[in-house]
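# Coordinate analysis (summary)
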Amino acid sequence: MGQYDAQVRQQLSKYKHKDLAQRDVLNVFASFSDLKPKIDKYAFNDGSVKDLLCIDGTIPVHYKGAKYNIPVCIYVMDTHPYNPPMCFVRPTKDMLIKPSKNVDANGRIYLPYLHEWKFPNSDLIGLIQVMSVVFGEASPVYAKPQRAAPPRPTYPPGGSSHPQQSTPYPTNSAFMPMPNASGQPQNSGYYPPQNPPTSSYQPSSYPYPAPATGYPYPQSSSITPYPTNTQPQMTTAKPPPVKSQNSLSDDQVRASIQSAVEDKLKRRSKEVLQQMKSEIAVLTETQNKLKQGQETLERITNELEQQHAEVEQNTALLMRKDEEIKQVLNKMEGQQEIDIDEAVVATAPLYKQLLNLFAEENAIEDTMYYLSEALRKNVIETEVFLKHVRELSRRQYVVKALMQKARIKAGLTLL
């Protein structure tokens, strides 16, 4: 038994198909040693909460020639394996989620394997293997960069209480800085310039666990400008205006739509190509079977023709033999009956003696057999049986001795 057998059996005791679910889950722990089971609460979109088995740990991923361990958690539904599990990427404190068409900002994983889940063709091991392949092409997490030290604010010569700040975040960043309690952006909380690529993938509304608490993004995309001072100020570079997070140019919208359409067409083309390949493989296999069947039929036809010719030859031979038998019978009808003893005549007296001795020996054997049968059925008594057997045995010994001498005289081999 594995180290998690008893624990998994207890945790799956309330599942509808606990035997199938237990077999599928234990296969995962047998193949991936970095995963372990636990019971965790799962919140659905309708507000209901259930205690579900969660497979928590890391899965191996080969990304750009190196091996990484990606932290994931898989919530096994209480109707498993007839409904797909809910999968999430759980980054550590040193990681950030990299949204893509397969992973959203909350870490929820979306895969065609999950969308097309169907028992018994789908199982947890196949799901984890697909996740390893997909994450090997596009990593779902990236290392959290070190936060830069906040720049020292510069004050205008007039002594205004509002500092004139420099640009608080990169102007080309698509992510806003995290706000503080006063609603103003913090200078020390920057996202890295190398922002993860976003995707136009819109996941379907599946239930998912309540996301981990994090810093909310600002509700307004505009920033209240600082009041200007009428007094002369130091010559400083004016920071560029902050672009709204939700404002996208037409080129960006067009590129996003074009990318989404291309992805959809590629996926559809791959599906159609795979379907055509499957159909061609089936047709090719059917063609090969038909060819084999045709060859078998031709071979059977040839064998039947040969057998038919042999039957015709045997029929003609049988008819000839039947005519010969009829002719012989017609000749024998006018003749007298033949004595069996006189029908066989030896060519020499010595051979006739051998024939008579052989017949007598077989007669003795038959007599002994019938005497033993009579004794078995209590027809004769034992004394009578023994008396006749002694006499027959003496006679049989004499007959065999005479046969041996006659064969030596005739030049035949001894029996």
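Bear in mind that the values here come from a model prediction, so they are computed numbers and not experimental data. (Residues numbered from 1 in each chain as written. Predicted model: local features only at pLDDT ≥ 70, side-chain atom pairs only at ≥ 80, totals over all residues. Heavy atoms only, no water.)

### Observations concerning the overall build of the protein chain
Check the secondary structure of the protein chain and you find eight helices and six strands. Starting at the N terminus, the α and β elements of the protein chain follow one another as α-α-β-β-β-β-β-α-α-β-α-α-α-α. For the protein chain, the residues scored as buried account for 25% of the 415 residues in total. Considering only contacts in the protein chain between residues 6 or more positions apart, those separated by 24 or more positions represent 55%. Taken as a whole, the protein chain presents about 30,200 Å² of accessible surface, with 55% of it coming from carbon and sulfur. (Helix = DSSP H or I, 4+ residues; strand = E, 2+ residues; numbered from the N terminus. Buried < 20%, exposed > 50% of the residue type's maximum accessible area, 1.4 Å probe, protein only. Contact = heavy atoms within 4.5 Å. Areas by Shrake-Rupley, 256 points an atom, 1.4 Å probe, with all protein chains shown as cover.)

### Here's the deal with the confidence of the model for the protein chain
Taken residue by residue, the protein chain gives an average pLDDT of 77. The fraction at 70 or more is 74%. By mean pLDDT, the top-scoring element of the protein chain is strand E4 (residues 86-89) (94), and the lowest-scoring one is helix H6 (residues 340-343) (69). Scored below 50 in pLDDT, residues 155-247 shows 116 contacts in the model against residues more than four places distant or in partner chains. (pLDDT = per-residue confidence, 0-100.)

### A few points about the packing of helix H2 (residues 18-31) against helix H4 (residues 124-137)
Relative to each other, H2 and H4 sit at 45 degrees, their axes nearing to 8 Å. With respect to each other, H2 and H4 are oriented oblique. Mapping the contact onto sequence places Asp24, Val25, Asn27, Val28 and Ser31 in H2 and Leu124, Ile125 and Ile128 in H4. Looking at the contact of H2 with H4 residue by residue, the classes come out as five nonpolar, two polar and one charged. (Axes fitted to C-alpha atoms, helices over the stretch in contact; angles between N-to-C directions. Parallel < 35°, antiparallel > 145°, perpendicular 65-115°, else oblique. Nonpolar A, V, L, I, M, F, W, Y, C, P; charged D, E, K, R; others polar.)

### Some details on the packing of aromatic side chains
In total, this model carries eight aromatic pairs according to the counting rule given. Where Tyr369 meets Tyr370, the ring centres are 5.3 Å apart and the plane angle is 75 degrees; that geometry is what we call edge-to-face. On the basis of relative accessible area, Tyr369 is assigned to the partly exposed category, the value being 48%. An aromatic cluster is defined as three or more aromatic residues linked by ring pairs; in this entry it consists of Tyr42, Phe44, Tyr75 and Phe88. (Phe/Tyr/Trp six-rings, centres within 6.5 Å; stacked < 30°, edge-to-face > 60°.)

### Concerning the pairing of strand E3 (residues 66-76)
As paired elements, strand E2 (residues 49-63) and E3 share 11 bridges and run antiparallel to each other. Bridging from a neighbouring strand, Gly57 pairs with Val72 of E3. Between E2 and the antiparallel strand that follows it, E3, lie two residues; Lys64 among them carries a positive phi value of about 55 degrees. Relative to E4, E3 runs antiparallel, the two being bridged by four bridges. Following the sheet pairing, Val72 is matched in E4 by Val89. (Pairing = 2+ DSSP bridges.)

### Concerning a nonpolar patch on the surface
Residues Val253, Ile257, Val261 and Leu265 make up a contiguous nonpolar surface patch of roughly 340 Å² in combined accessible area. Examined against the element boundaries, Val253 turns out to sit in helix H5 (residues 250-333). Judged by its relative accessible area of 35%, Val253 is partly exposed. (Patch = residues over 30% accessible without salt bridge, like charges linked within 9 Å, V, L, I, M, F, W, Y side chains within 5 Å. Salt bridge = Lys/Arg side-chain N within 4 Å of Asp/Glu carboxyl O.)

### Comments concerning the pairing of strand E1 (residues 35-43)
Bridge analysis of E1 against E2 gives nine bridges, and the strand direction is antiparallel. Residue pairing for E2: Tyr42 is matched across the bridge by Lys50. With antiparallel pairing between neighbouring strands as the criterion, E1 and E2 make up a hairpin whose turn holds five residues, including Gly47 at a positive phi of roughly 95 degrees.

### Some remarks on a positive patch on the surface
Together, Lys101, Lys264, Lys266, Arg267 and Lys270 make up a positively charged patch on the protein surface. Within the fold, Lys266 resides in helix H5. What makes Lys266 exposed here is its relative accessible area of 51%. (Lys, Arg positive; Asp, Glu negative; His and termini not counted. Charge placed at Lys NZ, Arg CZ, Asp CG, Glu CD.)

### Thoughts on the sheet that holds E4
Spatially, the four strands line up as an open sheet ordered E1-E2-E3-E4, and their pairing is antiparallel. On the outer flanks of this sheet lie E1 and E4, each paired with one strand and no other. Sheet twist, expressed as the mean angle between neighbouring strand axes with direction ignored, is 35 degrees. Against the sheet, H4 contacts E1, E2, E3 and E4, and its axis sits at roughly 45 degrees relative to E2.

### Concerning H2
If you check H2, its first and last C-alpha atoms are 20 Å apart, about what 14 residues at 1.5 Å a residue would give, namely 20 Å. Here H2 has its buried residues at Ala21, Gln22, Asp24, Val25, Leu26, Val28 and Phe29. (Expected span 1.5 Å × (residues − 1).)

### Quick word on the side chain of Ser122
Summarising the element assignment, Ser122 is placed in the loop between helix H3 (112-115) and H4. The buried category is assigned to Ser122, whose relative accessible area is 7%. When neighbours within four sequence positions are excluded, Ser122 is seen to be in contact with Tyr113, Glu116 and Trp117.

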